[in-house]
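Analysis of the macromolecular model
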Amino acid sequence: MLKQRSLFWIYFKKNRLAIAGASTISAIFLMAIFAHLIAPYDPGETDIATKLAPPSFKHLLGTDQLGRDVFSRMLYGSRVSLSVGFVAVSISLFIGIIVGSIAGYYGKIVDSVLMRFVDIMMCFPAFFLMLTIIALLGPKIHHVMIVIGATSWMGTARFVRAEFLSLRERDFVQAAKVLGISDKRIIFRHMLPNALAPVFVTATIDMATAILIEASLSFLGFGVQPPAPSWGNILTEGRIYIFDAWWLTLFPGLAILITVLSFNLLGEGLRDALDPRLREEGIK
Amino acid sequence: MWDDILLEVRDLKKYFYPPRGVFGGSKEVIRAVDGVDLYIRRGETLGLVGESGCGKTTMAKLILGLVKPTSGDVFFEQRNIFKLGKRELRRLRPSMQLIFQDPYGSLNPRMNVKGIIAEGLRFHKLETRKSEEQRVAELLEMVGLKPKDMYRYPHEFSGGQRQRISIARALSVNPKFIIADEPVSALDVSIQAQILNLLMELKETLNLTYLFISHDLMVVKHISDRIAVMHRGKIVETATTWELFQNPSHPYTKMLLTAIPIPDPDIQRPTMSF
């Protein structure tokens, strides 16, 4: 165990981009957690006298059309983006892992039925499905989380299934069967732990996608509703003033870009670091 | 005399049907096991030899109920294992254990040795939580490892040591019958002898019965009471070890015997064709 972990670190540390991604994500997480301490103003506090003020020392990232401090709003908005990403990906992992492991372990008819269901789910244009569901349920933050999670688990399911199909033939799984261990225990104790590492890599990249989808939904007015701030709806509100107050659109846009980029870099770094290890295991 | 039979295999068949291609081209059916009859007496070691791909491993999986047969029966202590319910089979499982060929693939890399060996004990409630550690230590000593090794992970061990762990896991559930599927062919020659001797010792002390599968006749000769020769899914000859080496009756057996390397370059062996 130790050897594998340290090997992973050696590879991971070599990848500077991934380290940069990981540190950026940690910084963003810290900012989101301590938003109430860092933010210089209340995110809802309006001050018409200083509306649409450009970035200055008083208002780091300027103010919006109601005179609210954009920096403070973005700090609070990061909570929304990250928690949506986190919860949505957890939901998608949960469903994906369950469906994938059952399909991969039992195979045959169970596998066919579940995988055809996955195929059907993949046929829907996900974004429009989300818009429809949210239009029906009403735009609330937990609806956004559930809907993103419920429409993005198919990749994970396929992935876990593929891992399980190969793990099922491995000797240690056969040994557990010969010992008479229950299916449930074989799935959770023997197979899942050996299938999870690559799944978490894709989960990191899924985080980026989920954050992007939340921003898109909020931008279209289907996500977090104003006055609550989210990166997406700050962007929408600023859209009208894009020629007069560029800071209203530039900064939330940049925040989304940097976060998504960081998650992608981290995910790819993890995958690269994991790969030589997987290859090494394969040779044994 | 029939009370003495621990395991009986009757007309066992396993055919694999390759998936048809998109254009429906029919491929040949693979007859991995094609009508095998076999019996093993209590306390006996039956060697099963044959070349790679002749169906030895499929036989092992069939006997253990890991794969379903195309037809035929396997009786373990007069009970047909293919007619047992899922639960009954699970209860029977501990009596029949398997030792694998590849010591690197047969241990879960994410569990420590204690977890690996204690799992069967725990699941079948053979020991209490307290006595379990004692039992794992005992098993480790039995296979020539140290009790403190139980807190280490599989990758910290060599191939031979891993094979010992694998044996300890098989023994943990007090089996009566063990199938050893090429247990030494992945090991160094020097280690092979150690593992073989360990298996023979364990057989004596624990009253085990073995089905010993190998492609190496010399290894099988060393350990077996009787030998069954398998060729293309069929048993072509069964005889006691002495008889088989003295007086092989089937031409395939003769060919196998001549294929054994003679460890002396000056001796010329008569060549023969098959």
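Residues numbered from 1 in each chain as written. Chains lettered and ligands numbered in written order. Predicted model: local features only at pLDDT ≥ 70, side-chain atom pairs only at ≥ 80, totals over all residues.

A tally of regular secondary structure across chain A gives 12 helices and zero strands. Helices and strands in chain A line up, N terminus first, as α-α-α-α-α-α-α-α-α-α-α-α. In terms of overall dimensions, chain A has C-alpha extents of about 75 × 45 × 30 Å along its principal axes. Scored against the burial criterion, the 284 residues of chain A give a buried share of 41%. Expressed as a percentage of contacts within chain A between residues at least 6 apart in sequence, the contacts between residues at least 24 apart total 70%. (Helix = DSSP H or I, 4+ residues; strand = E, 2+ residues; numbered from the N terminus. Buried ≥ 20, exposed ≤ 12 C-beta atoms within 10 Å, placed from the backbone. Contact = placed C-beta atoms within 7 Å.)

Taking 1.5 Å per residue as the helical rise, helix α5 (residues 159-171) of chain B with its 13 residues ought to reach 18 Å, and the 18 Å between its terminal C-alpha atoms agrees with that figure. Of all 13 residues making up α5 of chain B, 10 are buried, and the element is well covered by its neighbours. Considered for burial, the residues of α5 of chain B that qualify are Arg162, Gln163, Arg164, Ile165, Ser166, Ile167, Ala168, Arg169, Ala170 and Leu171 of chain B. At its buried positions, α5 of chain B is contacted by α9 (171-178) of chain A together with β6 (96-99), α3 (113-123), α4 (129-142), β7 (177-181) and α6 (189-206) of chain B. (Expected span 1.5 Å × (residues − 1).)

Residue and element names in this part refer to chain B. Pairing is antiparallel across the open sheet formed by four strands, whose spatial order is β2-β1-β4-β5. Across the chains shown, the open sheet's two edge strands, defined by having one partner strand only, are β2 (30-41) and β5 (79-80). Inspection of the sheet shows strand β4 (residues 71-76) paired to β5 by two bridges, in the antiparallel sense. Paired with phenylalanine 75 across the strands is asparagine 80, a residue of β5. (Pairing = 2+ DSSP bridges.)

Once that is clear, we can look at the confidence of the model for chain B. The predicted model of chain B has a mean per-residue pLDDT of 85, with 93% of residues at 70 or higher. Across the assembled chains, the prediction reports ipTM 0.84 with pTM 0.79. (pLDDT = per-residue confidence, 0-100.)

In this complex, chain B contributes 23 residues to the contact, which on the side of chain A involves 17 residues. Secondary structure elements with two or more residues in the side of chain B that touches chain A: β6 and α3 of chain B. Counting residues per element, the side of chain B that touches chain A draws most heavily on α3 of chain B, which supplies three residues. The class makeup of the residues in the side of chain B that touches chain A is 10 nonpolar, seven polar and six charged. (Nonpolar A, V, L, I, M, F, W, Y, C, P; charged D, E, K, R; others polar.)

The subject of this paragraph is the sheet that holds strand β8 (residues 209-214) of chain B. All names here are of chain B. On the basis of which strands lie adjacent, the open sheet formed by six strands has the order β6-β7-β8-β3-β9-β10 and mixed pairing. Bordering the open sheet on either side are β6 and β10 (234-240), each of which pairs with just one other strand. Across this sheet, the average inter-strand angle for adjacent strands is 20°, counted without regard to direction. Both β6 and β7 contribute to a ladder of four bridges, which runs parallel. Bridging across to β7, glutamine 97 finds its partner in isoleucine 178. Its contacts with the sheet place α5 against β6 and β7, and it is angled at close to 175° to β6. The sheet contacts of helix α9 (residues 251-258) involve β3 (45-49), β9 (226-231) and β10, and relative to β9 the element is tilted by about 105°. (Axes fitted to C-alpha atoms, helices over the stretch in contact; angles between N-to-C directions.)

What follows covers unusual backbone geometry. Residues and elements named next belong to chain B. Of note in this structure, glutamate 77 is not a glycine but carries a positive phi near 50°. Looking at the secondary structure, you find glutamate 77 in the loop between β4 and β5. Located in the positive-phi region is asparagine 174, a residue other than glycine, with phi close to 50°. Secondary-structure assignment places asparagine 174 in the loop between α5 and β7. A tally of 13 C-beta atoms within 10 Å means that asparagine 174 is categorised as partly exposed.

Residue and element names in this part refer to chain A. Secondary-structure assignment places glycine 238 in helix α11 (residues 231-239). Placed 63 residues apart in sequence, glycine 238 and alanine 175 show a C-alpha to C-alpha distance of 62 Å. Other than its neighbours up to four places away in sequence, glycine 238 contacts Asp64, Ala245, Leu248 and Thr249.

Let's shift gears to the pairing of β3 of chain B. Put simply, side chains in a regular strand alternate between the two faces of the sheet. Residues and elements named next belong to chain B. The element β3 is largely enclosed, with a buried count of five among its five residues. As paired elements, β3 and β8 share five bridges and run parallel to each other. Looking at the pairing, leucine 46 lines up with leucine 211 of β8. Where β3 meets β9, four bridges bridge the pair, whose relative direction is parallel. The residue bridging glycine 47 from the neighbouring strand is isoleucine 227, located in β9.

This paragraph deals with the pairing of β7 of chain B. All names here are of chain B. Within β7, five of the five residues are buried, which leaves it mostly tucked inside the rest of the structure. The sheet contact formed by β7 and β8 spans five bridges and is parallel. Across the sheet, residue phenylalanine 177 finds its bridge partner in β8, namely threonine 209. In this fold, β7 hands off to α6, which returns the chain to β8; that crossover is right-handed. (Right-handed = clockwise from strand over helix to strand, strands pointing away.)

Turning our eyes to something else, we now look at α11 of chain A. Of all nine residues that make up α11 of chain A, seven are buried, and the element is covered over most of its length. Of all the positions in α11 of chain A, only Trp231, Gly232, Asn233, Ile234, Leu235, Glu237 and Gly238 of chain A are classed as buried.

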